Each structure stands twice: as structure tokens, then as C-alpha cells.
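Residue strings, one per chain:
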Amino acid sequence: MATDDNSGKDLTAADSGAGHDPANAGTAVVVRDAVDNPGFPPHRPRVTDLNPSAERRAERTVYTLFYLSIVGSVFAIAAYMAFPIVETDPGSVRLNNLFIGLGLALALLAIGIGAVHWGKALMSDHEGIDVRHPVRGSDETRARAVEIFAEANEESGIGRRSLIRNSLIGALIAFPLPAVVLFRGLGPMNENPSELLTHTMWTKGTRLAIDPTGTPIKASDVTLGSAFHVIPEGLQDLPSGRLEEKAKAAVLLMRLKPEDLNELPERAGWSYDGIVAYSKICTHVGCPVALYEQQTHHLLCPCHQSQFDVSNHCEVIFGPAKRPLPQLPIAVDSEGYLIAQSDFTEPVGPSFWERH
């Protein structure tokens, strides 16, 4: 038998002895100095394991921190209301961010420190081995899993330490509340979002204009199979809020053969010689519906692949959208320009805005 001068390990030749498996040809390394399993170190009890008063003190510390987390969450909500953001006052932004941030920091830090202190001072700290199995366990194994949960409940003390358990549940319930309240700040401050989306810039007689130039478009300009992105005439002249208005009023204009249109009876007269106009805002989550398939008359939303059939009042034929695209009633004025007969008769955009 040969010995490796560098490692001190025995080397057995691949062709030595009977019973050799040709499939395992090669040189095997025999390790002589394998490390023995040292086992677990001696258990060292903590102060809370030996002193009942220290254990009670640690328990009070934990639930006090959880209660502080609740206070921080409530403080953040109160700060959001007490220090509103005023558009003309930059200082109000600093105060709003400062006090809301302090409340959220207290809520998060207190619940985190409390959980760590609970684990270090009160939960069982005996070492254990978790033998993992690569396949689904037997009935006995699953029954043992139930026992493990019961043991975890006993070791953590969550079942018998009611103050810690209840304060933790309260902190976890209170912590997301500031986020729920703060989401309100992302929307209009003094108006109902549903009402804002119910009305757009389209009014009776408003001309359809090409986006983004704002040039009015005539019916004769819309050829068979074409599609135009249009906006209300005058939108470009708004001193402010142009993007907000465009996000509601953007429209897709298409021309089909009149015989290919399957119009609803209540929408008779909403189109002109095969020209139809539908909201560009998808009724799923508000993405722009921008892809038009000329041969199939389908509109496609590129975000989540909702598809709408233009020939059948833009009904949903595929995807997560739940309702058709709102239709804009159109006509032609005395000069041949396409005009709106009225505003949309239903809210544009995602369906959840209809939930008043």
C-alpha cells in the first residue's frame, strides 16, 4: 500500500485484489484521522433559568416592549392626522415625515427587540438535532410533528405566558395600521377617487385630437383598419394637471367595416361609419391598452395580457380584466371633425374604483 507524502493518507491502487469493480476505477483516499463527533457542549443555565424573579422581570420587559410597539403604531397614525402636508408649506412635509417616521421606528424596533429578548431570556435554549428526511413522512412522523408543535408551545411559553402572547398579537395587529392609513395620502386629499374617474375632459362637442400634437382629426383621416391614440382638444393648453387629465381621457380610435360591428342596442349611434372610440385605460389595473390587431379586431393590454374584442363592444375575451373598456360616444361636426357626444357613461380605469 502506498502513502501520500504530503497528506499522510493511504492510497489503494485501482487494480489491487479480487472483487474490484471496474466501474469505480481510480484511486481511493482512505482518511485515517477522521474527526469524531464532539457532541453537545455542557448546558449552561441562564439567570432566568435559576432566578424566578429574573424570569418575571424578563417577561415584563418583553410585553412592555410589545405594548410600546402598539403605542408607536398609534402615534404614527395620530401624527399623520396631526401634521398634514400643506402644499404651500415645505416645513409641513418635514414635520409629517419626522413624526410618522418616529412612530414607525418605535413600533418596529420595539417589536423586534421584544421578540429577540423573548428568545434569548425566556424560550428554551437546549440544543437539539433535527433529522431531515428527503421524502414525505409516515403517519408516525406526522404525528410526531404535532408533538413537536406542542413541545414548541411548551418551550416558548406562548401558551401559558398570556401577557406576552396577547401583547405580541396586539403589536402585530397594530403595526400594519399606519401603512393602511398612510396609503390614503397617495390619493387625492379632498376628493373621492371614484368621483374623479367618473368624469373626464370629454364633453359634448369636444373634438378628438391626435396625441401628442393635439391636432383635431377628421373622420376621413381614419382609414379602414387604422388606429389612433387621441385626447380631448385643448388638453395641451391646460396650465396644470395635463398628465392627470390625460390619464383619464386617453382614447383609442379605430375604424372597422360597419357590418363587422356588433353594437349594443343602447349604444346605437355611438359610432360613425364604422369608427369607434374606447378608453385606452385597461379595466384591470389601469395600464395603457396600446396594441391593436387589425385582422382580429382585438385590443391587447401589454401589462397582463387582457384582450378586448372591438367588434363586440370591447368585451373581455382573455385575461384578468373583469369588464369591457368604456366606450366614448362620437359623432361628426359640420366641418367633418370627429367630436364627442358626451363624456364616458361609466368610470374609466380599474373596476375597483366603482366600489363606492
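Up top is the structure.
Notes on the structure follow. (Residues numbered from 1 in each chain as written. Predicted model: local features only at pLDDT ≥ 70, side-chain atom pairs only at ≥ 80, totals over all residues. Heavy atoms only, no water.)

**Describing the overall build of the protein chain**
Convention followed: Here a helix means four or more residues in a row that DSSP labels H or I, a strand means two or more in a row labelled E, and each is numbered from the N terminus. Summary of the burial criterion: residues with accessible area below 20% of their type's maximum are buried, those above 50% are exposed, and those between are partly exposed, where the area comes from a 1.4 Å probe applied to protein chains only. Working rule for contacts: check all heavy atoms of both residues, and any pair within 4.5 Å makes them a contact. Where accessible areas are quoted, they stem from the Shrake-Rupley method and a 1.4 Å probe; at the residue level, only the protein chains shown are allowed to cover.
From N to C terminus, the protein chain includes eight helices and 13 strands. Within the span of the protein chain, comprising 356 residues, buried residues form 32% of the whole. Taking as baseline every contact in the protein chain between residues at least 6 positions apart, the subset at least 24 positions apart corresponds to 59%. As presented, the protein chain carries roughly 21700 Å² of accessible surface, and 59% of it is formed by carbon and sulfur atoms.

**Some words on the sheet that holds strand β8 (residues 291–293)**
This is how the line gets drawn: Note: two strands are recorded as paired if DSSP finds a minimum of 2 bridges between them. Think of each axis as a best-fit line through the C-alpha atoms, taken over the contacting stretch in the case of a helix, with angles from 0 to 180 degrees between the N-to-C directions.
Pairing in this open sheet of four strands is antiparallel, and the strands run β8-β9-β10-β11 from one edge to the other. Here the strands that pair on one side only, and so sit at the sheet edges, are β8 and β11 (315–318). For this sheet, the mean inter-axis angle between neighbouring strands, taken without regard to orientation, is 30°. Looking at chain direction, strand β9 (residues 298–300) and strand β10 (residues 307–309) are connected through three bridges and run antiparallel. Within β10, the position partnered with His298 by the bridge is Asp309.

**Considerations on the environment of Ala54**
One can find Ala54 in helix α2 (residues 52–82). Distance from Ala54 to Leu122, taken between C-alpha atoms, is 9.9 Å for residues 68 residues apart in sequence. In contact with Ala54, not counting residues within four places along its chain, are Val47 and Thr48.

**Here we look at the side chain of Asp343**
Heads up, the condition is: Positive charges come from Lys and Arg alone, negative charges from Asp and Glu alone, with His and the N- and C-terminal ends not counted. What counts as a salt bridge is simple: a side-chain nitrogen of Lys or Arg found within 4 Å of a carboxyl oxygen of Asp or Glu. Pairs of N or O atoms are called polar contacts if they sit within 3.5 Å, as long as, within protein, a hydrogen donor faces a hydrogen acceptor (for residues adjacent in sequence, only side-chain-to-side-chain pairs).
With respect to the helices and strands, the residue Asp343 is situated in the segment after β13 (338–340). Lys248 is the oppositely charged side chain nearest to the buried, salt-bridge-free Asp343, at an N-O distance of 7.9 Å. Separated by 2.6 Å, the side chains of Asp343 and Thr200 make a polar contact. Among all residues touching Asp343, those that are not within four sequence positions of it are Thr198, His199, Thr200, Trp202, Leu328 and Pro329.

**Some words on the pairing of strand β6 (residues 251–255)**
For β6, the tally of buried residues reaches five of five residues, placing the bulk of the element in the interior. Covered by surrounding structure in β6 are Val251, Leu253 and Arg255 together with Leu252 and Met254, the residues of both alternating faces. Where strand β5 (residues 227–232) meets β6, four bridges bridge the pair, whose relative direction is antiparallel. Bridge pairing in β6 links Val230 to Val251.

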